[in-house]
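Examination of the molecular architecture
Residue-level listing of the chains:
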Amino acid sequence: MKLTILGSGSPEAYERRASSGYLIEVGADRILFDCGGGVFDNLLRSGRLPSDITHIVFSHLHSDHMMDYARLVHAAWDEGGAAIKVFGPAPIAQITKGYFGRDGVLAHDLIARTELPHSQEVWVQRGGTLPRPWPAPIVQEITPGDTIEGTGWRIRSCAVPHAQPVLDCMGFALDAGGKRFVYSGDAGLCEDLESLAEDADLLLHWCYRLEDSDASNAMAAVTPTPTEIGKLAQRVGAKALVITHFRKYMDEPTRFEKAQQNASLEFGARATIAEDLMTFEI
Ligand SMILES: [Zn+2]
């Protein structure tokens, strides 16, 4: 399988890094983990189209993990793509309905595109047939511990401490062809994620804080440092470690280098700090 980083940043508006988005290509499927702001444009820059995405899997519903969701679903629909299968914690079904339902915020746009004669004419010219259906992503809400099965792949999930009790937050392990990709989501250290991450061929782990950052004990408990992430990767026997969800202040060159060194030292091999559009063969 192949991983493409479509967003290695945080909620900050940042030219260098889009918010969270990670594309896994496995067999005929293209699975997008999270879809934060800027991910849509990076998907295009990576050479793919919105309708190439077959599955979206949300770790949690913070805005920096879902702000481009509606744009992606709408664009895939407008290309005449197949309905995207969407998995995520509640209330992803309600959010989807809020965008694409008959009373949703996009209803006026969708009525115009599907019912006005000249819009229908454009649709037919592009190979579509009438009546034009509305976007209808296939949404399945999941809770920590649920699995998602696909052709030749399987995703397991677990709860990770981040924004509970307001948001359900999950980490994932995707197994395919004897390889394992693990995505932490936004996660404090926890046993469930360690179990999930065991023997990962690639562990993609968020980082929101460096060793020299001030943090309350409560904040520190849910924001592992590069040192702690390196130790985690070493403990679980990960073969490769990629650190993501970087913030502007962490990209100051001295800090960036120190973060990379600290993680690598504990991991026992070179850790990579993700950049948008990086790719990894797993
Ligand atoms: Zn986040």
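Residues numbered from 1 in each chain as written. Predicted model: local features only at pLDDT ≥ 70, side-chain atom pairs only at ≥ 80, totals over all residues. Heavy atoms only, no water.

An unreviewed UniProt entry annotates the protein chain as MBL fold metallo-hydrolase of Cognatishimia coralii.

**Points about the pairing of strand 5 (residues 85-88)**
The criterion, for reference: In this description, strands pair whenever DSSP reports at least two bridges between them. Each helix is a run of DSSP H or I of at least 4 residues and each strand a run of E of at least 2, with the numbering of both proceeding from the N terminus. Handedness of a crossover is defined as follows: with both strands directed away from the viewer, a clockwise route from the first strand across the helix to the second makes it right-handed.
Here strand 4 (residues 55-57) pairs with strand 5 via three bridges, running parallel. Bridged to Ile56 within strand 5 is Val86. Each parallel crossover has a hand, and for strand 4 linked through helix 2 (residues 69-78) to strand 5 it is right-handed. Across four bridges, strand 5 lies against strand 6 (residues 138-141) in parallel orientation. In the strand pairing of strand 6, Phe87 is matched with Gln140.

**Digging into the nonpolar core**
Quick reminder of the rule: Among the buried residues, those of types Ala, Val, Leu, Ile, Met, Phe, Trp, Tyr and Cys that are joined through side-chain atoms within 4.5 Å form a nonpolar core. Type-normalised accessible area, obtained with a 1.4 Å probe on protein chains alone, sets the label of each residue: buried when under 20%, exposed when over 50%, and partly exposed for intermediate values.
Within the largest apolar cluster, 30 residues are counted, with the highest numbers of intra-cluster contacts made by Leu193, Leu203, Leu241 and Phe246. For this core, the elements supplying multiple residues, two or more each, are helix 6 (191-197), helix 8 (226-236), strand 12 (241-244) and helix 9 (253-267). Counting 27 residues, the second-largest nonpolar core is a separate cluster that includes Leu43, Val73, Val86 and Trp134.

**Quick word on helix 4 (residues 107-115)**
Rules: Directions are taken from the helix axis to each C-beta atom, and the arc is the one they span. Residues count as neighbours in contact if any of their non-hydrogen atoms are within 4.5 Å of one another.
Among the residues making up helix 4, those that are buried are Ala107, Leu110 and Thr114. For helix 4, the angular spread of the buried residues around the axis is 65°, confining them to a single face. Looking at the buried positions of helix 4, the neighbouring elements they touch are helix 2, helix 3 (92-100) and helix 5 (117-125).

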